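Residues per chain are reported as follows:
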There are 2 protein chains.
Amino acid sequence: MEAEKKGKSSAAYPMNSGEGPYSYAKTSSSQRVVIDFIKELMNKEIEGKLDMGIISTSPSKPFCIADLGCSVGPNTFSAVKNIIEAVELKCQNSQGITASSKSLPEFQVFFNDHTSNDFNMLFKSLPVNRRYYALGVPGSFYGRIFPEASLHFVHSSFALHWLSQVPKEVRDKSSPAWNKGRVHYANSGDEVVRAYKAQYEKDMEQFLQARAQELVCGGLIVLIILGIANGIHHSEAGGNRGFDLVGSCLMDLVKKGIVSEEKVDSFNIPTYLMTTQEFEAAVKQNGSFGIERMEVLPHVKVNGISLNAQQVTFCVRSTLGELIKQEFGEDIVDQLFDLYLEKLEEIHPSSVAETEKTLSFLVVLKRKPISH
Amino acid sequence: MEAEKKGKSSAAYPMNSGEGPYSYAKTSSSQRVVIDFIKELMNKEIEGKLDMGIISTSPSKPFCIADLGCSVGPNTFSAVKNIIEAVELKCQNSQGITASSKSLPEFQVFFNDHTSNDFNMLFKSLPVNRRYYALGVPGSFYGRIFPEASLHFVHSSFALHWLSQVPKEVRDKSSPAWNKGRVHYANSGDEVVRAYKAQYEKDMEQFLQARAQELVCGGLIVLIILGIANGIHHSEAGGNRGFDLVGSCLMDLVKKGIVSEEKVDSFNIPTYLMTTQEFEAAVKQNGSFGIERMEVLPHVKVNGISLNAQQVTFCVRSTLGELIKQEFGEDIVDQLFDLYLEKLEEIHPSSVAETEKTLSFLVVLKRKPISH
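Residues numbered from 1 in each chain as written. Chains lettered and ligands numbered in written order. Predicted model: local features only at pLDDT ≥ 70, side-chain atom pairs only at ≥ 80, totals over all residues. Heavy atoms only, no water.

A.B. asks: Would you take a moment to explain the overall build of chain A for this structure?
C.D. replies: Along its length, chain A carries 12 helices and 7 strands. In chain A, once contacts between residues fewer than 6 apart in sequence are set aside, the share between residues at least 24 apart is 84%. (Helix = DSSP H or I, 4+ residues; strand = E, 2+ residues; numbered from the N terminus. Contact = heavy atoms within 4.5 Å.)

Next up, the structure:
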């Protein structure tokens, strides 16, 4: 089964699990602000773009929603709540104001993430008063994880910048794309950038192909994607700079004799920040979806305040801590991020956290009818 | 939603998780032997009793199987494999020998257990070459956990002797059913036995009612149930004796001043071994299912050898260790089971492990058509 092959071939990059101070659950509040902001936008899209024809009020046909790359919450739960409320509102509006709850469909929600995700914590955090049947689906969303035409709505937020794997060439000493002394592509030579971009293109095609099979015709996909502005160099994006700084800190630990240079040479962070143009090209190339909306989201500061160096370091650690632990062992993690904080304070955190050139964009895709 | 209420109201009694020496995964080999034994029996039932009408070969209608009380594997995986192979065989036979794999349905398998189950371990243990889409479903099977008419086949093995909760009366000092100085009903007065039986009856009705809603008409339920022979006293069943011995050990720790008497008085093990007659009565009372088969399984010894005291202690510890840890703290667990082993060696392990009066039985239920 294709699902298995993909599931196995793509590596897993778990967010920090559990409930500790560096956990993803504790540090994802800036993402939360964006999610709240787009709530209204998504409501409008569901109201305007979701075909009533795919919603069955027959109790034996639940409305099926998947959140891909859900992590451990709580953002996934508020996103799902929004979607369900919007679909219910749409049902009520289309049936007239006298519609009773009996004419609303049942909802089944599939929470997906890598097998290494902390599903135990996710399940324990499920909202008590939820109005849906909750399920966990382990596996990479770059392969098939659901039966054919079994989903009505797919949501994925801040997950698609993770590649299925580090491009092989950048770890290959004999390749011109070997990424010696760096852990990311942003400040590397063109060959490295090309290898990352090729991996992104392959992954995105597999993502769209799998979803095209899993979604019913007329079904919607809402994606919130961390990307970069069109036409700029990758090194200008704050998010990429933040990762590049990790590489620089690791090289400092090499100089101190704490980490082996070979290990840093072979370690690379499997993320790629795409542009809206690149994403659009992938959707056209795939052919199964129409783009209903694509919109760059405004920059949002948490409580209107800029993040300080400590907060930025927390965010980067919650994103990469687990990956670094897997690669270099637990012992170096504290030391690495102490150094990171130090360096960040020198160069000013805003260079990593707040450049306008890193951006988030929202896309609404609709599954086209299958042509015969 | 009913699912939520039930999910919250019933307590969770997890098997020992993880991969340690006392883990459920390591000590469930005797259950495995029984599962292998019944493989052939289940094949015959699927061949003979499963209506081809409920199997759609349309790729958009997967065949949905739920394993209720799945724990962390590996038994759940082999049971699921057997079911799928039997359904595929049935499809091939009914379509003639030239049937290609294209005419087989896709399979979706829902692994269910309490929210406190170690789903992380379950997901990591999923067979690599599985031919199905795997999902985890957290929640008590004594309530609704699936949408209406969404399942074709339900399987549950050695899970239904767990009650949804300890009957309230047995923890109530003012009740005639107060179970002072004991942790189980087998050797207690009639009031305690009645309270346990009443809880069992309520739970079983809720189990059948939820499944009647979740299963398509014609869908099958295969249950493997740990019970006792008709017409004997509960104290004669080896399984119950094994639990009673835990109570006796706890009272010894009370005498030694290690455990408080009040805690033992309020602690009770929430299991009930039913007879085939009791089960039959519950199914008739519910009315939604026909009993297609009910068969007491032969006693099976692992490799033909009787379990020794050490092995029996391991089994009891893997079943109750987590529960006792939750109630009395981790510190007493080793001490308690050292004492258990000692006592068991005195009275001979066979009195707990091998009485003919504890038995397993297999039941096949079929969802009747809904009458209007």
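From this point, the discussion proceeds with the structure in view.
A.B. asks: How should I be thinking about the pairing of strand S1 (residues 63-68) of chain B in this particular structure?
C.D. replies: Every other side chain in a regular strand lies on the same face of the sheet, so the side chains alternate between the two faces. Residue and element names in this part refer to chain B. Counting buried positions along S1 gives 6 out of 6 residues, so the element sits mostly inside the fold. Judged by which residues are buried, S1 turns out to be covered on both faces: Phe-63, Ile-65 and Asp-67 on one side and Cys-64, Ala-66 and Leu-68 on the other are all buried. In this structure, S1 lies alongside strand S2 (residues 107-113), joined through 6 bridges in parallel fashion. Note on S2: the bridge partner recorded for Ala-66 is Phe-110. Relative to strand S4 (residues 151-157), S1 is paired through 3 bridges, and the arrangement is parallel. Bridge pairing in S4 places Ala-66 opposite Val-154. (Buried < 20%, exposed > 50% of the residue type's maximum accessible area, 1.4 Å probe, protein only. Pairing = 2+ DSSP bridges.)

A.B. asks: I tried to follow unusual backbone geometry on my own but got confused; where do I start?
C.D. replies: Excluding glycine, residues mostly carry a negative phi; peptide bonds, for their part, are mostly trans. Note the cis peptide between Gly-73 of chain A and Pro-74 of chain A, where omega equals 5 degrees. Its place among the elements puts Pro-74 of chain A in the loop between strand S1 (63-68) and helix H4 (75-95). Positioned with a positive phi, Ala-149 of chain A is a non-glycine residue whose angle comes to about 50 degrees. Assignment of secondary structure puts Ala-149 of chain A in the loop between strand S3 (133-138) and strand S4 (151-157). For Ala-149 of chain A, a relative accessible area of 27% translates into the label partly exposed. Positioned with a positive phi, Phe-158 of chain B is a non-glycine residue whose angle comes to about 55 degrees. Considering the arrangement of structural elements, one finds Phe-158 of chain B in the loop between S4 and helix H6 (190-214). Note on Phe-158 of chain B: relative accessible area 10%, which makes it buried.

A.B. asks: So what exactly am I meant to see when it comes to the packing of aromatic side chains here?
C.D. replies: The geometry of an aromatic ring pair is captured by the separation of the ring centres together with the interplanar angle, meaning the angle of the planes. Residues and elements named next belong to chain A. Counting across every chain of the model gives 30 aromatic pairs over all chains. Seen in terms of ring centroids, Phe-141 and Tyr-142 are 4.9 Å apart; in terms of plane orientation they differ by 65 degrees. Their pairing is edge-to-face. Note on Phe-337 and Tyr-340: the rings are 6.0 Å apart at their centroids and 50 degrees apart in plane angle, and the pair reads as tilted. One end of the pair, Phe-337, and the other, Tyr-340, are both in helix H11 (residues 331-347), 3 residues apart, so they sit about a helical turn from each other. By relative accessible area, Tyr-340 is classed as buried at 1%. Note that Arg-211 overlies the ring of Phe-207, its terminal NZ or CZ placed 4.9 Å from the centroid. (Phe/Tyr/Trp six-rings, centres within 6.5 Å; stacked < 30°, edge-to-face > 60°. Lys NZ or Arg CZ within 6 Å of the ring centre and 35° of its normal.)

A.B. asks: Would you take a moment to explain the interface of chain B and chain A for this structure?
C.D. replies: Often the size quoted for an interface is simply the accessible area lost on bringing the parts together. Listed by partner, the interface residues are 35 residues for chain B and 35 residues for chain A. Carbon and sulfur atoms supply 62% of the area that chain B and chain A bury against each other, a total of about 3000 Å² over both sides. The interface formed by chain B and chain A contains 2 salt bridges. Salt-bridge contacts for Arg-144 of chain B lead to Glu-106 of chain A; the nearest nitrogen and oxygen are separated by 3.3 Å. Along the contact surface separating chain B from chain A lie 12 residue pairs in polar contact (both at pLDDT 80 or more). Elements represented by at least two residues in the side of chain B that touches chain A include exactly helix H1 (2-9), S2, helix H5 (119-125) and strand S3 (133-138) of chain B. Ranked by residues supplied to the side of chain B that touches chain A, first place goes to S3 of chain B with 6 residues. Looking at the side of chain B that touches chain A residue by residue, the classes come out as 19 nonpolar, 7 polar and 9 charged. (Buried area = accessible area lost by both parts, 1.4 Å probe. Salt bridge = Lys/Arg side-chain N within 4 Å of Asp/Glu carboxyl O. Polar contact = N/O pair within 3.5 Å; in protein donor to acceptor, adjacent residues only side chain to side chain. Nonpolar A, V, L, I, M, F, W, Y, C, P; charged D, E, K, R; others polar.)

A.B. asks: Looking at this model, I keep getting lost on the packing of helix H6 (residues 190-214) of chain A against helix H9 (residues 276-286) of chain A. Mind explaining?
C.D. replies: Residues and elements named next belong to chain A. In the contact formed by H6 and H9, the axes pass within 10 Å of each other and the chain directions differ by 50 degrees. Relative to H9, the element H6 is oriented oblique. When the axes of H6 and H9 are compared, the crossing they make is right-handed. Contacts between H6 and H9 pair Lys-197, Tyr-200, Met-204, Glu-205, Leu-208 and Gln-209 from the former with Glu-278, Phe-279, Ala-282, Val-283, Gln-285 and Asn-286 from the latter. Across the contact of H6 with H9, the residue classes break down as 6 nonpolar, 3 polar and 3 charged. (Axes fitted to C-alpha atoms, helices over the stretch in contact; angles between N-to-C directions. Parallel < 35°, antiparallel > 145°, perpendicular 65-115°, else oblique. Left-handed = near helix turned anticlockwise from the far one by under 90°.)

A.B. asks: How do you make sense of the packing of helix H7 (residues 238-255) of chain B against helix H11 (residues 331-347) of chain B when you look at a structure like this?
C.D. replies: Relative orientation and spacing of two packed helices are given, respectively, by the angle between their axes and the distance between those axes. All names here are of chain B. Where H7 meets H11, the axes come as close as 9 Å, and the angle between the chain directions of the two elements is 120 degrees. The angle between H7 and H11 places the two elements in the oblique class. The two elements H7 and H11 meet at a crossing, and its hand is right-handed. Contact with H7, carried on its side by Gly-242, Leu-245, Val-246, Ser-248, Cys-249, Leu-250, Asp-252 and Leu-253, involves Ile-332, Gln-335, Leu-336, Leu-339, Tyr-340, Lys-343, Leu-344 and Ile-347 of H11 and no other residues of that element. Its residues placed into classes, the contact of H7 with H11 shows 11 nonpolar, 3 polar and 2 charged.

A.B. asks: Would you mind showing me how to read the state of the cysteines here?
C.D. replies: In a disulfide, the sulfur atoms of two cysteines are covalently bonded to one another. Residue and element names in this part refer to chain B. Counting across every chain of the model gives 0 disulfides over all chains. Cysteine Cys-217 shares no disulfide, and the gap to the nearest cysteine sulfur, in Cys-64, comes to 15 Å. The class for Cys-217 is partly exposed, based on a relative accessible area of 33%. (Disulfide = S-S within 2.5 Å.)

A.B. asks: So what exactly am I meant to see when it comes to the relation of the copies chain B and chain A here?
C.D. replies: The pair of chain copies shares a relation made of a rotation about an axis and a shift along it. Aligned on chain A, chain B shows an RMSD of 0.0 Å; the corresponding rotation is 180 degrees and the shift along the axis is 0.1 Å. Here the transformation between the copies is reduced to the relation of a two-fold axis. Rotation axis and chain B: the residue whose C-alpha lies nearest the axis is Gly-136 of chain B, separated from it by 2.4 Å. Comparing interface residues between copies, 100% of those in chain B also sit at the interface in chain A, which points to an isologous, same-surface contact. (Least-squares fit on C-alpha atoms with pLDDT ≥ 70 in both.)

A.B. asks: Teacher, can you tell me more about the nonpolar core here?
C.D. replies: Soluble globular proteins: nonpolar side chains tend toward being buried together. Grouped together as the largest cluster of nonpolar side chains are 92 residues, with contacts concentrated most on Phe-279 of chain A together with Phe-279 of chain B. Other than its neighbours up to four places away in sequence, Phe-279 of chain B contacts Tyr-200, Met-204, Leu-223, Ile-225, Met-274, Met-294, Phe-361, Val-363 and Leu-365 of chain B. Listed in part, the 72 residues of the second largest apolar core include Ile-46 and Tyr-132 of chain A together with Leu-122 and Ala-134 of chain B. (Core = buried A, V, L, I, M, F, W, Y, C linked by side-chain atoms within 4.5 Å.)

A.B. asks: Teacher, can you tell me more about the pairing of S4 of chain A here?
C.D. replies: All names here are of chain A. The buried fraction of S4 is high, at 7 of 7 residues. In terms of strand pairing, S4 meets strand S5 (residues 215-228) through 6 bridges, oriented parallel. Counterpart to His-155 in the pairing with S5 is Val-222.

A.B. asks: Would you explain the pattern of salt bridges in this entry?
C.D. replies: Any two side chains of opposite charge can pair, given that their charged atoms come close. Residues and elements named next belong to chain A. The full count for this structure, using the stated rule, is 40 salt bridges over all chains. Across the pair Lys-197 and Glu-278 runs a salt bridge whose closest N-O atoms are separated by 2.8 Å. You can see Lys-197 sitting in helix H6 and its partner Glu-278 sitting in helix H9, a full 81 residues away along the chain. Classification of Lys-197 as partly exposed rests on a relative accessible area of 29%. A salt bridge links Asp-252 to Lys-343; the nearest nitrogen and oxygen atoms lie 2.9 Å apart. Highlighted residues: Asp-252 in helix H7 (residues 238-255) and Lys-343 in helix H11, separated in sequence by 91 residues. Since its relative accessible area comes to 19%, Lys-343 is described here as buried. Ionic contacts of the salt-bridge type, sharing partners, join the residues Glu-45, Lys-49, Arg-293 and Glu-295 into one network.

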